[in-house]
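In case you want the letters, here they are:
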Amino acid sequence: MELNGDQLIAASVSEVWKGLNDVDVLAKSIPGCEEISRVSPEEVHAKVMFKIGPVRARFSGKLLLSDIIPDQSCSMAFEGSGGAAGFAKGRSRVELKAAEGGTLVSYTTEASIGGKLGQIGGRLISASAKKIADDFFQKFAKELGGEAIALDASSSNE
């Protein structure tokens, strides 16, 4: 599955970067987040409750940051397990650019999903992933005192 998009966040690049690296902001922004902690500057662990179609599960996972260029971009490798519900793992790249009205956040994500989640139709998974991303950016923008505007988003199933 691939998910790509652009969001305009009504905040400065440095505010957006700081927010994306603040576990308290992330805890309030990630839909279903129950727990999040920074293990090191490059590693974050989280527990999140997701409902995708008929499957509802608590996922425990980790996120490893790399290729970090402060206030500009980073890459992330993630993996999570939801027990019998399945697993997800993949990579994502986030880039920030100053834009009229705030910061343009561009993201690309490639993920693979297995277990019960892997048996759900691709369209439902893609639609759920897009909704989770949109919800995240709306909550994230509110935490920064502004709003998010989705400029473009696309997803595909592989």
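Up top is the structure.
About the cut-offs
Along each chain, residues carry numbers from 1 onward, in the same order as the chain's sequence is written. Only residues with pLDDT of at least 70 are given local features in this predicted model, and only at 80 or more are side-chain atom pairs given and counted; all residues enter the totals for whole chains, interfaces and linings. The side-chain figures draw on all heavy atoms in the structure; neither hydrogens nor water molecules are used. The way it works is that DSSP assigns letters per residue, a run of H or I at least four long becomes a helix, a run of E at least two long becomes a strand, and they are numbered from the N terminus. In this description the radius of gyration comes from C-alpha coordinates, and the expected globular size is given by 2.2 Å times residues to the power 0.38. Here the term buried applies to any residue with accessible area under 20% of the maximum for its type, exposed to any over 50%, and partly exposed to those in between, with areas from a 1.4 Å probe on protein chains only. All accessible areas in this document rest on Shrake-Rupley with a 1.4 Å probe, and a residue is counted as covered only by the protein chains that are shown. To qualify as a nonpolar core, a set must consist of buried Ala, Val, Leu, Ile, Met, Phe, Trp, Tyr and Cys residues joined through side-chain atoms within 4.5 Å. Each aromatic pair joins two rings of Phe, Tyr and Trp (for Trp, the six-membered one) with centres within 6.5 Å, and gets the label stacked for planes under 30 degrees apart, edge-to-face for over 60, and tilted for any other angle. Here a residue-residue contact requires only that any non-hydrogen atoms of the pair lie within 4.5 Å. Two N or O atoms count as a polar contact when they lie within 3.5 Å, although within protein this holds only if one can serve as hydrogen donor and the other as acceptor, and sequence-adjacent residues are included solely when both atoms are side-chain atoms.

Chemist: Which parts of the structure should I look at to understand the overall build of the protein?
Modeler: Along the backbone of the protein there are 4 helices and 8 strands. In sequence order, the protein lays out its α and β elements as β-α-α-β-β-β-β-β-β-α-α-β. A compact globule built from 158 residues should have a C-alpha radius of gyration of about 15 Å, and the protein, at 15 Å, falls within 12% of that. Projected onto its principal axes, the C-alpha positions of the protein cover 45 × 30 × 25 Å. Scored against the burial criterion, the 158 residues of the protein give a buried share of 37%. When the accessible surface of the protein is summed, it comes to about 8,500 Å², and 53% of that surface belongs to carbon and sulfur atoms.

Chemist: I'm lost on the nonpolar core in this one. Help?
Modeler: Ranked by size, the top nonpolar core spans 36 residues in total, and within it Ile9, Val16, Leu96, Val105 and Phe137 carry the most contacts. It is helix α4 (residues 122–143) that provides the largest number of residues to this core, a total of 7 residues.

Chemist: When you look at unusual backbone geometry in this model, what are you seeing that I'm missing?
Modeler: Leave glycine aside and you will find that most residues have negative phi; peptide bonds, for their part, are mostly trans. Even without being a glycine, Asp67 presents a positive backbone phi close to 50°. By the element assignment, Asp67 lies in strand β4 (residues 55–69). Despite not being glycine, Asp71 has its phi angle at roughly 65°, a positive value. In this fold, Asp71 is placed in the loop between β4 and β5 (73–81).

Chemist: Sorry, what's going on with the packing of aromatic side chains here?
Modeler: Tallying each qualifying case throughout the model produces 4 aromatic pairs. Judged by centre distance (5.4 Å) and plane angle (25°), the rings of Tyr107 and Phe137 are stacked. With a gap of 30 residues between them, Tyr107 in strand β7 (residues 102–114) and Phe137 in helix α4 connect regions that are remote in the sequence. Judged by relative accessible area, Tyr107 falls into the buried class, the value being 7%. Classification of Phe137 by relative accessible area gives buried; the value is 8%. An angle of 75° between the planes, with centres 5.1 Å apart, marks the rings of Phe136 and Phe137 as edge-to-face. On the accessibility criterion, Phe136 (14% relative accessible area) is buried. Taken together, the ring pairs connect Tyr107, Phe136, Phe137 and Phe140 into an aromatic cluster.

Chemist: Looking at this structure, I do not really get the environment of Gly146. What am I missing?
Modeler: In this structure, Gly146 sits in the loop between α4 and β8 (148–156). We classify Gly146 as partly exposed; its relative accessible area is 21%. Through-space distance from the C-alpha of Gly146 to that of Ile9 is 7.0 Å; in sequence the pair is 137 residues apart. Once you skip the residues sitting within four places of it in the chain, Gly146 turns out to touch Ala10 and Ala141.

Chemist: Teacher, can you tell me more about the side chain of Ser29 here?
Modeler: Among the structural elements, Ser29 can be located in helix α2 (residues 23–29). Polar side-chain contacts of Ser29 include one of 2.7 Å to the backbone oxygen of Val25. Aside from chain neighbours lying at most four places away, what touches Ser29 is Asp135, Phe136, Lys139, Phe140 and Glu143.

Limitation: the analysis is restricted to geometry and does not speak to function.
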